[in-house]
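# Remarks on the overall topology
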Amino acid sequence: MSETRSDGELLRAVASDADRRAFEELYRRYAPWLSARLRGRCADPAVVDDVVQETFLAVWRGSARYREEGDVAGWLWRIGSRRLIDVLRGDGARGRLRQALARLRHRDEVSAEERVLAGVEHGDLAGALVRLSPELRAVLQATVVDGLTTREAAVLLGIPPGTVKTRAMRARRQLREALA
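Read on for a plain summary of the structure. (Residues numbered from 1 in each chain as written. Predicted model: local features only at pLDDT ≥ 70, side-chain atom pairs only at ≥ 80, totals over all residues. Heavy atoms only, no water.)

## A short note on helix 2 (residues 20-39)
Note the following rule: Helix and strand definitions here come from DSSP, where helices need a minimum of 4 consecutive H or I residues and strands a minimum of 2 consecutive E residues; each element is numbered from the N-terminal end. Every helix has an expected span of 1.5 Å times one less than the residues it contains. For a residue, the bend is simply the angle between two axes, fitted respectively to the seven-residue segment ending there and the seven-residue segment starting there. Note on exposure labels: buried denotes an accessible area under 20% of the residue type's maximum, exposed denotes more than 50%, and partly exposed covers the range between, all computed with a 1.4 Å probe on protein chains only.
End to end, helix 2 covers 27 Å across 20 residues, agreeing with the expected 28 Å (1.5 Å per residue, within 8%). Where helix 2 bends most, at Y30, the angle is about 40°, and the proline P32 comes one to four residues later. Turning to helix 2, its buried residues are A22, F23, E25, L26, Y30, A31, L34, S35, R37 and L38.

## Looking at the environment of V72
Within the secondary structure, V72 is located in helix 4 (residues 72-90). Spatially, the C-alpha atoms of V72 and D7 are 6.7 Å apart, while their sequence positions differ by 65 residues.

## With respect to the pattern of salt bridges
Any two side chains of opposite charge can pair, so long as their charged atoms come close to each other. What counts here: Between Lys or Arg on one side and Asp or Glu on the other, a salt bridge is scored when a side-chain nitrogen of the former is within 4 Å of a carboxyl oxygen of the latter.
What the rule picks out here adds up to four salt bridges. R20 is paired through a salt bridge with E24; the nearest N and O atoms lie 3.6 Å apart. With R20 and E24 both in helix 2, this residue pair falls four residues apart, about one helical turn. Residue class for E24 comes out partly exposed when judged on its relative accessible area of 34%. Two residues, R37 and E152, come together in a salt bridge whose shortest N-O distance is 3.6 Å. Taken together, the positions of R37 in helix 2 and E152 in helix 9 (residues 150-157) put the pair 115 residues apart, joining distant regions of the chain. We classify R37 as buried; its relative accessible area is 15%.

## Concerning the packing of aromatic side chains
Rules: Classification of ring pairs rests on two measures: the distance between centres of Phe, Tyr or Trp rings, Trp counted by its six-membered ring, which must be within 6.5 Å, and the angle between planes, read as stacked under 30 degrees, edge-to-face over 60 and tilted in between. Here, a charge over a ring means that NZ of Lys or CZ of Arg falls within 6 Å of the ring centre while also lying within 35 degrees of the ring normal.
A full pass over the atoms with the stated rule returns four aromatic pairs. A ring pair is formed by F23 and F56, whose centres lie 6.3 Å apart and whose planes are at 75°; its orientation type is edge-to-face. Taken together, the positions of F23 in helix 2 and F56 in helix 3 (residues 45-61) put the pair 33 residues apart, joining distant regions of the chain. The pair F23 / F56 is uniform in exposure class, with both members buried. With centroids separated by 6.4 Å and ring planes inclined at 80°, the aromatic side chains of Y30 and W33 adopt a geometry described as edge-to-face. Of the two residues, Y30 and W33 are both situated in helix 2; the distance of three residues between them amounts to about one turn of the helix. Using a relative accessible area of 30% as the deciding quantity, one classes W33 as partly exposed. The rings of F23, Y27, F56 and W60 are connected pair by pair, giving a single aromatic cluster. We note R37 situated over the ring of W77; from NZ or CZ to the ring centre the distance is 4.4 Å.

## Thoughts on the packing of helix 2 against helix 3
Under the convention used in this document: Whenever a helix is involved, its axis is fitted only over the stretch in contact; in every case the axis is a line through C-alpha atoms, and angles between N-to-C directions fall within 0 to 180 degrees. Each helix crossing is assigned a hand: it is left-handed if the near helix lies turned anticlockwise from the far helix by less than a right angle, otherwise right-handed if that turn is clockwise. We call two residues in contact whenever any of their non-hydrogen atoms come within 4.5 Å of each other.
Look at helix 2 against helix 3: their axes get within 10 Å of each other, and the N-to-C directions meet at 145°. Considering only the axes of helix 2 and helix 3, their crossing is right-handed. In this structure, helix 2 uses R20, F23, L26, Y27, Y30, A31, L34, S35, L38 and R39 to contact helix 3, whose residues at the interface are V48, V51, V52, Q53, T55, F56, V59 and W60.

## Focus on the nonpolar core
Going by this rule: Only buried residues count toward a nonpolar core, which is a set of Ala, Val, Leu, Ile, Met, Phe, Trp, Tyr and Cys residues joined through side-chain atoms within 4.5 Å.
In terms of nonpolar packing, the biggest core is built from 34 residues, with L26, L38, F56 and V59 touching the most fellow members. Of all the secondary structure elements, the ones that give two or more residues to this core are helix 1 (7-17), helix 2, helix 3, helix 4, helix 8 (134-145), helix 9 and helix 10 (161-179). Look past the residues within four positions of F56 in its chain and what remains in contact with it is F23, L26, Y27, Y30, A31, L34 and L76. In terms of nonpolar packing, the next biggest core, distinct from the first, is built from six residues, A128, L132, L136 and A171 among them.

The quantities given are spatial measurements derived from coordinates; they are silent on function.
Given below as structure tokens:
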């Protein structure tokens, strides 16, 4: 029976020796988890599959380097979530065109979600969010938009969980003051 290697051992073997077995073991260990997490952010299974493949391809090619700081799952999540954002941004113009065409076909009442999103994009909230520091915005993005727990956000952002809580509290307070 073979001994189970740690995540760090697998990544070192992939990076230094291009060890295919180590890569396959890492993929089997994390691809299902990464797929499930990305499906929470994107409903298109084809896009999620592509992003998972691109994430692990970056690991295999060495363009994504693990610095042995923090959790491997958090590192893979950062790569995958950034690649997903890149894909979704690239689809942005096509998506906006599809939405515009759909509105022309269906002249229904604007949904509550569309009104809220318009307010976030163009209203007072958008201005208040822009005025937050990048650190506070990053915490809100991770905890509110991405729905991560404090611990997950800490891993993703590379800061202690207590710092995540403090920054989230400061961000909410500044938003309340800006919107009052």
